[in-house]
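Coordinate analysis (summary)
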Amino acid sequence: HFSATGRMKYREFATAVPADGAMARAVAVLENMATLLSKGRAFTDNASVSLTPLPGGKLLALSGAAGAAAGCVFGVVTHTAPTLFTFHFCNAFERPSTSSSASGDTEICVDFSVYDDPAIINDLSLERLQAFPGADISPSWLRRLTIPLTDGSGSPVGPTDLAGPAPLLRDEAAYGNFIEFPAFNPRYRSRPYRYAYGTAAVRPTNMGNALARHDLAQGSSTLWHEPGAMPAEPTFVPRPGGEAEDDGVLLCVVARGGGDSMLLVLDGGSMAEVARVQLPFPVPYRFHGAFLPEEGAPGWQ
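The rules we used
Residues numbered from 1 in each chain as written. Predicted model: local features only at pLDDT ≥ 70, side-chain atom pairs only at ≥ 80, totals over all residues. Heavy atoms only, no water. UniProt positions renumbered as here; feature names shortened; annotations may be inferred. Helix = DSSP H or I, 4+ residues; strand = E, 2+ residues; numbered from the N terminus. Contact = heavy atoms within 4.5 Å. Areas by Shrake-Rupley, 256 points an atom, 1.4 Å probe, with all protein chains shown as cover. Pairing = 2+ DSSP bridges. Buried < 20%, exposed > 50% of the residue type's maximum accessible area, 1.4 Å probe, protein only.

An unreviewed UniProt entry lists the chain under the name Carotenoid cleavage dioxygenase 8, chloroplastic, from Tetrabaena socialis. In its Sequence similarities (unreviewed entry) section, the UniProt record describing the chain reads: "Belongs to the carotenoid oxygenase family."

Our next topic: the overall build of the chain. Regarding its fold elements, the chain presents three helices and 21 strands. Of all intrachain contacts in the chain linking residues separated by at least 6 positions in sequence, the fraction that spans at least 24 positions is 55%. Of the roughly 14900 Å² of accessible surface on the chain, 55% is carried by carbon and sulfur atoms.

Attention shifts here to the sheet that holds strand 12 (residues 166-167). With antiparallel pairing, the four strands of this open sheet are ordered in space as 8-9-10-12. Here the strands that pair on one side only, and so sit at the sheet edges, are strand 8 (89-96) and strand 12. Judged from the nine bridges that link them, strand 9 (residues 106-114) and strand 10 (residues 141-150) form a sheet pairing that is antiparallel. Considered in strand 10, the bridge of Ser113 is made with Leu142.

Strand 9 sits mainly inside the fold: eight of its nine residues count as buried. Strand direction decides the pairing type here: strand 8 and strand 9, joined by six bridges, are antiparallel. Bridge assignment links Phe89 to a residue of strand 9, and that residue is Phe112.

Take unusual backbone geometry next. With an omega of 5°, the peptide bond between Arg203 and Pro204 qualifies as cis. Looking at the secondary structure, you find Pro204 in the loop between strand 14 (195-200) and strand 15 (210-215). A positive phi is found at Asn177, a non-glycine position, where the angle reads about 50°. Looking at Asn177, the relative accessible area reads 25%, which means it is partly exposed. Although it is not a glycine, Phe181 adopts a positive phi angle of roughly 50°. Counting through the fold element by element, Phe181 comes out in strand 13 (residues 180-183).

Put into structure tokens, the structure is as follows:
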């Protein structure tokens, strides 16, 4: 069904009753499908990977054990990933298979923030956040999960047991072994890309207290950090007319140790501070943010 509220339009394109206690929190959107990672209630079973076709896209859906048990849409192929926990995806895209020598085989790369276990949920309790500096926040890493998609004839591949998510960066300590709210240039959505952004950690800390730019080609990270600052979800805004992938700015609302808040603007290439806008009211440490271009400007639709 369709419904519209203001500028937002919604369409329900797939429905499945989750397995007992299964949790599904975030979706990575490709050009022709969406990926969904679900976890069992006790967080002790393997993760399940679900890909659901978007309207007008490929008639293909891949799902893990939870989705299969729920009786997902026609064409479900089951893949099982190693045990892990995640909140947020970064980018996802299709490419020719790197694990198969057969001509025409394809795979999906899903990049996301990966935890070994769900201890982060307890880390974010009000009691622990107020116990500053408190215990160090649980580590997480930027990883890539590779999922076989189709063979040379275009038929779906699977079911399979997937290999664990692979590291994307050489020195994970460079960003404090912590990434959340991954962001990237939206012009590269569903395409191979080079740069990712997100919150990071300068330890010891009980919360994300830095911002990072990750160069996936070089495997390196560049940080912005200010003592006492608590950044929320960053958003990359490409420069109108810009051609380079990192030509733009990173926007982030930051709560500061003195109780005030600011909008921070960083250069997407160097992470140098471009501007900070002091807000006339405090914005508590919070999770999500978004950028909406001015009506009629490029990207308005």
